[in-house]
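Take a look at the letters that make up each chain.
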Amino acid sequence: MSLDVGPARDTLIGGEPPARRAWMRVMSERPLMVLGAVLVALVLATGAIEPGYLSLRGLRNTLLLAAPLGIMAAGQTLLMLTRGIDLSVAMIGTAAAYVAGNQSPNGAGIAIVLGLVVGCVAGATNGVGVGVFRVNPLIMTLALSGIILGLFTQWAQTFLQGSTSVAPFIRTIGAGSFFDHRIPWNVLIWGAVAIVMIGGLRRTGLGRMLYGVGDNPEAVRLAGVRIWQVLLAAYTISGFFAALGGILLAGQSGAVDLRLAQNFLLPSVAAAVIGGTSIFGGVGTYSGTIFGALILSVLNSMLTFLDAGQAVKQVVYGLIVLALAWLYAAVTRAE
Amino acid sequence: MTDEPALLRARGIAKRYGSVVALRSVDLTVEPGEIHALLGANGAGKSTLVKVLAGVIRADAGSIELSGEPIHPRKPADALRSGLATVFQDPALIPDLTIERNLRLTGVEPARVREGLEGMGLGGLDFDAIAKEVPLPILRVLDLARALVHDPQLLMLDEITAALPADLAERVFIAMFERRDRGRSVLFITHRLAEVLRVCTRATILRDGRDVAAIVPGEGGEGRLVEAMLGEVAATAAEASRAEPRIAEERVVVEARDLTSRDYLRGVSLRLRAGEILGLVALEGQGQDRLFDVLAGDRPSDGGELLVGGTPVRPRSPYDAIARGVVLIPSDRAQALLPQRSVRENLASALYNRVGRWFSLLRDEERRVDGVIDRLTIDTRAQRQARRLSGGNQQKLAVGRWLAAGFEALLCFDPTRGIDIHTKDQIYGLLRELSAEGAAILYYTSELAEIPLICDRVLVMYDGRIVHEQDAASADEAMLLGAAHGLQGVGS
Amino acid sequence: GDDGDGGGDGGEEGPFTIGVSNTLVGNQWREQMICAIKAQARVSGVVDEVVLANRDTDATGQIADIEGLISQGVDAIIVNPADATALDDVIATASDQGITVVAVDQAVSAEDAYNVTNDQVAYARLGAEWLFEQLGGSGNVAYMRGFDGHPADTARDQGWDEAIANYPDINVVSEVHTGWDPSTGAQQALEIITTQDVDGIWTSGIDYPVVEQFQNADEPFVPIVGADNNGFIEQLIELEDGGLVGAIVTNPPPVGGVATAIAIDLLTGAEDHPRDTLLTPEVYDNVDDLDALEELFLPDLPQGFVSTMEIEPWTTYTAQDVLDCKGPGEE
Amino acid sequence: MSATTGDMTRSVAEARRRWLRMHGWTIGVWVLLAVLLAWYATLIPAFGSFTIASIAKNSLQTVYLAISQGVVVIVGGIDLGAGAMMVLANSISARLMDGQGFGMSMVISAAVLAGAALLNGFVGWIIVRSRVPDIIVTLATLFVFSGVALMILPSPGGGASGGFRAMFTGSAGGVGTNYWPSLAALVIPLAAVSVWLRRSPRGLALYAVGSDVNAAYLSGVNTARARITAYAIGGAFAALAGLAITAITANGDPRFTNAANGTLNSVAAVVLGGIALTGGVGSVIGAVAAGVILFILNPILTAMSIDPNTAQVIRGVLIVAVMMTAGLLEVRRRRTE
Ligand SMILES: Nc1ncnc2c1ncn2[C@@H]1O[C@H](COP(=O)(O)OP(=O)(O)OP(=O)(O)O)[C@@H](O)[C@H]1O
Ligand SMILES: Nc1ncnc2c1ncn2[C@@H]1O[C@H](COP(=O)(O)OP(=O)(O)OP(=O)(O)O)[C@@H](O)[C@H]1O
Ligand SMILES: [Mg+2]
Ligand SMILES: [Mg+2]
């Protein structure tokens, strides 16, 4: 007489075709394998468009160009793990590069250190806003980005004038290579960042707390963690990485201007999202982000070879981010 | 049961939330013109059943008939159209909207709600007030008045009286009687058995997601209801040897002197000694949550004194309390869980609350975590993400992270709510062990039967005060219940 | 000039207020342009204030800025337009109120405005012709353009087309838009020189980052065309021994100073000017004109600095005035 | 306990206090705007109809964007693609309207608005359906929409008919002294959307969802529809901002920076206007005043001979200060509760 109320959603997902389920399982258990496959496919496709790309030099370029992005995305990953975001990475990077440029006459060492200090201070400002005053991260970092832009626009015309070139050492680490021009210096730095990030997230108490704050802030608060301390640390580290990325970028292009890193903001978020870091916090790895940065970098090369223009680039970027985020969401739900 | 079709007949309703089975298979029949009680311990599945009937969630299996016609409510509006109106346990008024806009939102004419409210003596309510600023009891009555506007065949009230003072509860009963007399029915959920005896004609009792009994409350009274609700717990309670009475150490770990906090605490004094399990009993909303918050450093007290290890303290955050060894197992285990992280990370989550420990992993983290996993026999099949653990195992994590980190006083807020009998036994055993090792444990429970099982002493809280204290071994449920109702204490 | 009714068709004595509207900040070329405006206004002696509406914005924002300048009662407005046509009506309104409007760097279609621009078509044509000649009329070239859709980029593309039409054996193997962004340009250059077979590169002013990539990648130099950026000139001088062959095409920011001089002439009625003043770029390479390059090079100034500081006979300030970047009344 | 009942009965003093508490922020923002306008009037030689027309017209873009973002934020979302939708509508309309008469321009406008509503409604649907966070989905649309705008109009250009321009600006040339049309274009859509939001059940549903999704669902609100509706309305208002640009400049400008700046301004206006990013609280009326304030800072600073880039700094500091204060108050409120 009476009908069933209907199957629950879980049952529906359980009833999906086996092929799709298997695919979802690979994606959820070995996301890096899937990302690696995408990367290889992209490299091959780019090689098909421009055969010269499939050479040692071509691949070295990919790494060289991906490194600053990968480093900036490191901070972004950290913050997304804590349910945050940093929309000021690009401006922080630019500011650090400016300061490094300004201080270059005093020697590369001082220039780099001061640049990094600027990054840490800017990051810590974000951290205080978000951690202590509970300002929404989006707003806090957006506002700081505007403040830095405004300040540096004025300073660039006054006391930071003449900061547009950087010391030779910075150029070397930003763009030079060693081992018979095969391995870029900045990739070495990126490797160090990767070791610190991956090891730090897995093997330090701070790493544990970063995941914890993002996964369930209430739970870590009740465990006695003072969340503002974790956030302050996270934003400061992000500022540091943004500065490092900015300085390397200045070394790469050999010059500093106020737009230096602006093209890296959205890709830094995209790299983390593509790598599987959830903006809801608590889930993600830096290894994923590395793949994200590499994928975007290869994609960029491919679009350069096609002279695809800004329009196509933007559409492709957007669709990739959306598609992967959707896929991750579906996989997480199906689990 | 009767010739004419029942008003509501639900059969075989089942519902899972992920790995938690909320309803296994429930049958429920409500006749026209009756006030039908739906009873069961916390987590028995009452609210889930109501939500299925009201179209808020869809059951995994089962069928629903209203006056003999099958219905398939997919959203609350569907159920309302078929003549089912509900006052849910969760607040259904939008906190940031005014009362008037809340009513407009649901397409209800404010004037008609006001009429209904007048009947309950709240005619003067200011509809321009913002919902979140209106006291909870009034919101509940308002929710009821809003449901009554639809003049439903079946009105479902999920714990509406839990937050109501006696006078308002009385007015709600009058509204229920009025409906009954007009041949309409009410499905009434409450934890207060006295209310059931007073207003209900029949009762269906849920336990662990099944309907285990249909009882006419008058016959056999409270005893039968309790027995049916508690089921196995009562059985084990009889079998299991009661906790051996022990002499606690003299050392007082936590002492509260006349603590006050807003309207919630009106002067609470207690002493928690090392090596004892101090039970706390209270009806819903007597300030027990606030007491735990204050002791755990989650909220400051307004007045009175708090001493830990004999030193006066004013914790400003959980960190301050934890630094002194006072740790909390919160009422909601979701508040102690990192759902997407592994079992190990969950157990280690209380180890790194000091900046000094951030820069590497504790060398003995693995040892500590392994020790806890062994001691708690945590099922580690779902290692990767704690959210995949069953409820009982999740609760073990909430306890386990303090075992890993160490503590002096453990504040447990209803730690066995909604978990099965076997795991409960494990937790009892663990707490006894811990206290034997010298830990001080404050144990709030909503299940009175647990008190003699594990506690040494018991306190009863009523209206923000401790109104009764006795030996747990000699505590009997009726006596505690009486005290919890304020019958011996300072009263109303 | 503070009474708001100044200007008109000349004959006033001053002092005048000059408004400046610019929509791209943090760009070295634009900064120098503004400094040239300030410097020329200062040395003229008849201007008592330069009001800057200088921020990153688009045509809509620029219209608002110009309206703000009108409300403030300036006597002349020097505008580096964000768009060639979008400002027509606001410029007409300004003219109606007796305000002299001079568009600089990029011409506007408004009838009442004076245009003072570098000839962008010639800029591209001259540089391209130098490059194609250098390659002996045949070879693979990379064409590194500016900002897609920007009027100057479109004009330069026209010049490029004019030049390449005469060189059928020149083969464009790569055409990219740098967006006039050094880091983008650097990245693209790196990809091009390491993966493609190019014999020469034309850049729309993103030059020294490109040369740098040859060094980074350890690739042999190919002939390259850039603009009069200090850094590029330095490379041309210093790397001449290392095999770098290149040419600069001038695109001087002092065009702002020229516009100011013209505006002041019009305000005071000292001299009349045609509607359009087109400054023709010059080409210097490090093969024949090394002396000229060495003269242009400013060793103490940054790479991005544009070396051409003065434009005879228009500007009357000294190079130091531009470097000081002080308007009238500023300390 | 019946004392609680007594507390809740209507008292005039309490009602006034509550009204102030509910609307205080909005009133404050409008007062600030009035003060700034008065101040600006003293800074320039003549504050006449030309200046009023200029401010009214040039505020339109930020105002529409503020409403667009406001509606989405009220429902608990955020639309980082709002600026891109504006640029897209600007590019399409300028391209299509070039050389067309007034009638055809109106048809195009209607089509652009409807298209934008549909498109952004689709974005809302993706958000509801995919359960990908709003911020990620709209980050993607920020890229995609501005990319599409560049495809449609590869370089700045296009046009608009005089009649159409006059609708937003008061004169066929886009510059003039007749400020009534601009004021009308500012007030009418604002009034329509705020009345709808505050009075109709469908509009209230947006507040309900933003305030408490669960309670809204239990109250019978179709939460998915509410969110999709909010995005659709947001899209239409972003497109209206694009049309306003077309009217003011008779030009389409597809550059990405315009999209990014548009989004930034919209978020800034919403935050300063008192709409909580957590959803459910605030009014678009406040956001509109904040939008005008964000615009008027530029001419004021220019008139004061202060580097307009200071406006960027002031704006940032203002936002941070406001949000920090709000954050502190919230923390204090929680502690004393
Ligand atoms: N949304 C949910 N997700 C996961 N589990 C849930 C959810 N809602 C309820 N549960 C679980 O389902 C079980 C039944 O819950 P339900 O709320 O129906 O109990 P109840 O009988 O109403 O309890 P109480 O008396 O405490 O209100 C519990 O174990 C609960 O934890
Ligand atoms: N989605 C899942 N993925 C992996 N393992 C799961 C999942 N759900 C449950 N499990 C595992 O299956 C076992 C049984 O789970 P279930 O929730 O049925 O336990 P239970 O009998 O209800 O236990 P409890 O009484 O503690 O709630 C648990 O140990 C759990 O770890
Ligand atoms: Mg279970
Ligand atoms: Mg319930």
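Described in the following lines is the structure provided in the data block. Keep in mind that what you see is a predicted model, and the values were worked out from it rather than measured.

Conventions we followed
Residues numbered from 1 in each chain as written. Chains lettered and ligands numbered in written order. Predicted model: local features only at pLDDT ≥ 70, side-chain atom pairs only at ≥ 80, totals over all residues. Heavy atoms only, no water. Helix = DSSP H or I, 4+ residues; strand = E, 2+ residues; numbered from the N terminus. Contact = heavy atoms within 4.5 Å. Disulfide = S-S within 2.5 Å. Buried < 20%, exposed > 50% of the residue type's maximum accessible area, 1.4 Å probe, protein only. Donors = N, O, S within 2.8 Å, 3.2 Å for Na, K, Ca; no water. Phe/Tyr/Trp six-rings, centres within 6.5 Å; stacked < 30°, edge-to-face > 60°. Buried area = accessible area lost by both parts, 1.4 Å probe. Salt bridge = Lys/Arg side-chain N within 4 Å of Asp/Glu carboxyl O. Polar contact = N/O pair within 3.5 Å; in protein donor to acceptor, adjacent residues only side chain to side chain. Near = heavy atom within 4 Å. Nonpolar A, V, L, I, M, F, W, Y, C, P; charged D, E, K, R; others polar. Patch = residues over 30% accessible without salt bridge, like charges linked within 9 Å, V, L, I, M, F, W, Y side chains within 5 Å. Areas by Shrake-Rupley, 256 points an atom, 1.4 Å probe, with all protein chains shown as cover.

1. A word on the side chain of Thr62 of chain D
Inspection of the secondary structure assignment puts Thr62 of chain D in helix H3 (residues 49-74). With near-sequence residues (within four places) excluded, Thr62 of chain D lies in contact with Asn265, Gly291 and Phe295 of chain D.

2. Side note on the state of the cysteines
Following the criterion strictly, the structure yields one disulfide over all chains and no others. A sulfur-sulfur separation of 2.0 Å characterises the disulfide bridge that pairs Cys35 of chain C with Cys325 of chain C. Here the S-S torsion is close to -85°, and the disulfide linking Cys35 of chain C with Cys325 of chain C is therefore left-handed. On the criterion of sequence distance, the pair formed by Cys35 of chain C in helix H1 (residues 28-44) and Cys325 of chain C in the segment after helix H11 (319-324) is long-range, its members being 290 residues apart. Among the residues examined, Cys35 of chain C registers a relative accessible area of 6% and is labelled buried. Judged by its relative accessible area of 15%, Cys325 of chain C is buried. Free of any disulfide, Cys455 of chain B has its nearest cysteine sulfur in Cys412 of chain B, 9.6 Å distant. When its relative accessible area of 4% is taken as the criterion, Cys455 of chain B is described as buried.

3. A look at the coordination of the magnesium ion (ligand 4)
At this site the magnesium ion (ligand 4) is bound by Ser47 of chain B (OG) and Gln89 of chain B (OE1), with donor distances of 1.8 to 2.0 Å. Taken together, the residues span a long stretch of sequence, with Ser47 of chain B in helix H1 (residues 46-53) and Gln89 of chain B in the loop between strand S6 (84-87) and helix H3 (99-105) at a distance of 42 residues.

4. Thoughts on the packing of aromatic side chains
Given two aromatic rings, their pairing is described by the distance between the two centres and the angle made by the two planes. One pass over the structure, following the stated rule, counts 24 aromatic pairs over all chains. Ring geometry for Trp358 of chain B versus Phe359 of chain B: centroids 6.5 Å apart, planes at 65°, classification edge-to-face. Relative accessible area serves as the criterion here: at 4%, Trp358 of chain B is assigned to the buried category. Ring geometry for Phe122 of chain D and Trp125 of chain D: centres 5.8 Å apart, planes at 10°, overall stacked. Taken together, the positions of Phe122 of chain D and Trp125 of chain D, both in helix H5 (residues 102-130) and three residues apart, correspond to about one turn of that helix. A relative accessible area of 46% places Phe122 of chain D in the partly exposed class.

5. Here we look at the interface of chain A and chain B
Taken together, the contacts link 39 residues of chain A with 44 residues of chain B. Both faces combined, the contact of chain A with chain B buries some 3500 Å², and carbon together with sulfur accounts for 54% of it. Counting across the chain A and chain B interface gives two salt bridges. Glu365 of chain B is paired through a salt bridge with Arg208 of chain A; the nearest N and O atoms lie 2.7 Å apart. The tally of links between chain A and chain B comes to 14 residue pairs in polar contact (both at pLDDT 80 or more). Only helix H2 (18-29), helix H9 (185-203), helix H10 (205-215), helix H11 (217-222) and helix H12 (227-253) of chain A provide two or more residues apiece to the side of chain A that touches chain B. Take the side of chain A that touches chain B: its biggest share by element is seven residues, from H10 of chain A.

6. With respect to the site of ligand 1
All names here are of chain B. In the vicinity of ligand 1, 14 residues are found, and the nearest of them are Gly43, Gly45, Lys46, Ser47 and Thr48. Note that an oxygen atom of ligand 1 is positioned 2.8 Å from one of the backbone N or O atoms of Gly45. Elements represented by at least two residues in the shell around ligand 1 include exactly strand S2 (20-30) and H1. In terms of residue count, the dominant contributor to the shell around ligand 1 is H1 (three residues). Taken together, the residues that form the shell around ligand 1 break down as five nonpolar, seven polar and two charged.

7. Section: a nonpolar patch on the surface
Where nonpolar side chains cluster on the molecular surface, the patch consists of Ile110, Val113, Leu114, Val117 and Val121 of chain A and spans about 400 Å² of accessible area. Mapped onto the fold, Val113 of chain A is located in helix H6 (residues 108-132).

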